[in-house]
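# Secondary and tertiary structure notes
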Amino acid sequence: MSRLIRKSWNVFVQAIILSFESIMVELLTEIHGISSLLVAGISIPFAGATLLLISTVLSKKITVFNSWKLLLVGSIFLAAAVFLWYDSVTRVGASKEGLLAGPLETIVVLILAWLLLKEKLRKIQLVGVIIALLGFFATVSSRSLDLSSILPFVITFGDFEAILSAIAFAGGVIAMTRLVKRHSFIEVTGASLLISGLILATILILSTSQTSIPTIPEWIYLISFSLLPLAAALLYVVGLDRIGASLTSTIASSNILFTLFLQLLFKGLGVKSNLPENILLAVIGGALGLFGIYLIHIEKDSRFRNGNIGN
């Protein structure tokens, strides 16, 4: 167990950083008045370019652009996912967005992998899907303090954006899964972040309502913020190498609860936070979602069943 902890601590850190990313989007948009499109259009391409530069230094050669068609498709999905993610956070808050999108993304990835990649579905995974969906509906219901109003479910525009974000992320994951079979994960991640960021930056420039140039303080905020997706991507890559894809994905999903707990902590310190109205129901939904994700990924990595954690 201690050996596993030594191998996986970085993924827990990645989950916390991902939580901070969502929370910082909320703070940047609500406190500093920076639009979600401006946050995504500047910070994401900067993070991607930096990550790609790191990959170039490490491998001395970048080959991912040879698969430009698949890379473009994945980047388009990622651009849509990031924008919907950030914009949803501004509407429903970081914690609820994560609680909604986290389990749903895993479910959609599983279904798409079954349909497109011909991966087999096991009974335990189907049980995980059902539990994760229960968590999803519990989270949707957390907007109300009245438990008698759970049915019918009321889905706000921000909830809908979180759902679409999960679907778009899942589409990007499928494309990236094919790319990493041909190229290293770090260069695939860097290239996809760069291209998706450039797509968002182009939309930002063409948008008539977003033509103002960021001020110097805003540039400082945005460049500093870009270190969060950069660090999260790097730590995720390290996790894949150390403990495998299934355990990394499961641990990383803990960010859906980390976000809620961090927001509660910040609110206690006097920081404005957009939290679900029914915290208890949100926690229950997050716990169900996390358990469902665990069941979906369980026993996919035979190294851990055999006690071999890697080098």
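This text follows the structure it describes.
Note that the coordinates shown come from a computational prediction; the quantities given were computed from them, not determined experimentally.

### What to know about the packing of helix H5 (residues 123-141) against helix H11 (residues 279-297)
- Their axes nearest at 7 Å, the elements H5 and H11 cross at an angle of 160°. With respect to H11, the element H5 is oriented roughly antiparallel. As H5 runs across H11, the sense of the crossing is left-handed. Across from Ile-124, Gln-125, Val-127, Gly-128, Val-129, Ile-131, Ala-132, Leu-134, Gly-135, Ala-138, Thr-139 and Ser-141 in H5, the residues of H11 making contact are Leu-281, Ala-282, Gly-285, Gly-286, Leu-288, Gly-289, Phe-291, Gly-292, Leu-295 and Ile-296.
- Within the contact of H5 with H11, the residues separate by chemical class into 13 nonpolar, nine polar and no charged.

### Digging into the side chain of Glu-21
- Turning to its location among the elements, Glu-21 is positioned in helix H1 (residues 2-30).
- Within polar-contact distance, the side chain of Glu-21 engages the side chain of Tyr-86 at 2.6 Å.
- Dropping the residues within four chain positions of it, Glu-21 is found in contact with Trp-85, Tyr-86, Phe-225, Leu-228 and Pro-229.

### Some thoughts on helix H10 (residues 255-268)
- When the terminal C-alpha atoms of H10 are compared, their 19 Å separation across 14 residues agrees well with the 20 Å that a helix rising 1.5 Å per residue should span.
- Asn-255, Ile-256, Leu-257, Thr-259, Leu-260, Leu-262, Gln-263 and Phe-266 are the residues of H10 that are buried.
- Following H10 by one or two positions, Gly-270 adopts a phi angle in the positive range, close to 95°.

Rules of the game
Residues numbered from 1 in each chain as written. Predicted model: local features only at pLDDT ≥ 70, side-chain atom pairs only at ≥ 80, totals over all residues. Heavy atoms only, no water. Axes fitted to C-alpha atoms, helices over the stretch in contact; angles between N-to-C directions. Helix = DSSP H or I, 4+ residues; strand = E, 2+ residues; numbered from the N terminus. Parallel < 35°, antiparallel > 145°, perpendicular 65-115°, else oblique. Left-handed = near helix turned anticlockwise from the far one by under 90°. Contact = heavy atoms within 4.5 Å. Nonpolar A, V, L, I, M, F, W, Y, C, P; charged D, E, K, R; others polar. Polar contact = N/O pair within 3.5 Å; in protein donor to acceptor, adjacent residues only side chain to side chain. Expected span 1.5 Å × (residues − 1). Buried < 20%, exposed > 50% of the residue type's maximum accessible area, 1.4 Å probe, protein only.

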